[in-house]
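A structural walkthrough
Each chain, letter by letter, is given below.
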Amino acid sequence: MRTYKYLTIIVFGFLILGCGGGGDDDDPTPTKKPPEAAILIEPAQNSECNQGANITATKSDITFEWRTAANTDLYELNVKNLKTGVSKSYTSNTNIKVVNLDRGTPYSWKVISKSNSVSQTASSSIWKFYNAGDGIKSYPPFPAEIIAPTMGAFVTASNGEVDLEWIGSAIENNIVGYDIYFSTVNPPSLYKTNHINSQLTDVVVSSNTIYYWEIVTKDDNGNSSDSGIYNFKIN
């Protein structure tokens, strides 16, 4: 009788081990990882791109290249014409894409990594370059990149003042100053000229008012570029 009792306990234990326990190892729906951000390679940041193909007087094919990103099934290449502000998107299953672009024109570009398994995406950094043009000895600075306040932002002033911030860049690193246009009318009037830094602090503003602003970047060759006009409202 005692032997039978022990056999019953052993059999019952095997049944528990066989039917319970290891559920985590048999999970049919493992967690999918989101795609990682691509690392850009070419055209290089703040460069003159003169390696195009199928070159005409006005157009050339530019090869965009980036490192393969983990957990990624599709890439979306975004290219923005910095003269016109127009952006175009192109898809690619590989880490290379050829795009026909205007010559003698500044562009910015980035790559968005996408996955077929998850909805999350990942964006690369944003790089700028000039597509080389005939007879151009020096290129203007890239249009200033507005950091704050952003377009259409609602801003709370500190003691009736705000700070303006942007990023300036040029192929030859030869920026000599910025002209700042700032006012309550569009287009804004000149507020300060030959400003050295890429930030202007303690700008006096009034509540419940819309302001317009624009940055003109100048280099030591006499070239200039403008950021375009941005606006924000003081709460």
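Up top you'll find the structure we're talking about.
Treat the numbers as computed from the prediction; the structure is a model and nothing was measured.

Our focus in this paragraph is the layout of surface pockets. When its volume is computed, the largest pocket comes out at roughly 430 Å³. Lining of the largest pocket is provided by 20 residues; of these, Lys80, Leu82, Ser108, Glu145 and Tyr230 occupy positions nearest its centre. Those elements that provide at least two residues to the lining of the largest pocket are β4 (74-81), β7 (105-114) and β10 (142-148). Looking at the lining of the largest pocket element by element, the count peaks at 4 residues for β10. Taken together, the residues of the lining of the largest pocket break down into 7 nonpolar, 7 polar and 6 charged. In this structure, the second largest pocket spans a volume of roughly 170 Å³. Among the elements of the structure, β4, β5 (87-92) and β6 (96-102) are those that each provide at least two residues to the lining of the second largest pocket.

This next bit is on the sheet that holds strand β1 (residues 40-42). Spatial strand order, β1-β3-β6: 3 strands in an open sheet with antiparallel pairing. Two strands lie at the open edges of the sheet, namely β1 and β6, each paired on one side alone. Averaged over all pairs of adjacent strands, the angle between their axes in this sheet comes to 35 degrees, without regard to strand direction.

Now for the nonpolar core. Of all hydrophobic cores here, the largest spans 18 residues; its most connected members are Leu164, Trp166, Phe182, Trp213, Ile215 and Phe232. At the level of secondary structure, the elements contributing two or more residues to this core comprise β10, β11 (153-155), β12 (161-169), β13 (175-183), β15 (199-204), β16 (209-219) and β18 (230-234). Excluding anything up to four places from it in sequence, Phe182 contacts Leu164, Pro188, Ser189, Tyr191, Val203, Val204, Val205, Tyr211, Tyr212, Trp213 and Phe232. Within the second largest apolar cluster, 17 residues are counted, among which are Trp66, Tyr75, Trp109 and Val111.

The rules behind each value
Residues numbered from 1 in each chain as written. Predicted model: local features only at pLDDT ≥ 70, side-chain atom pairs only at ≥ 80, totals over all residues. Heavy atoms only, no water. 1 Å grid on protein atoms, 1.4 Å probe; cavity = no way out; pocket = protein on both sides within 12 Å on 5 of 7 lines; lining within 4 Å. Points joined across faces, edges and corners; volume = space filled by probe spheres on them. Helix = DSSP H or I, 4+ residues; strand = E, 2+ residues; numbered from the N terminus. Nonpolar A, V, L, I, M, F, W, Y, C, P; charged D, E, K, R; others polar. Pairing = 2+ DSSP bridges. Axes fitted to C-alpha atoms, helices over the stretch in contact; angles between N-to-C directions. Core = buried A, V, L, I, M, F, W, Y, C linked by side-chain atoms within 4.5 Å. Buried < 20%, exposed > 50% of the residue type's maximum accessible area, 1.4 Å probe, protein only. Contact = heavy atoms within 4.5 Å.

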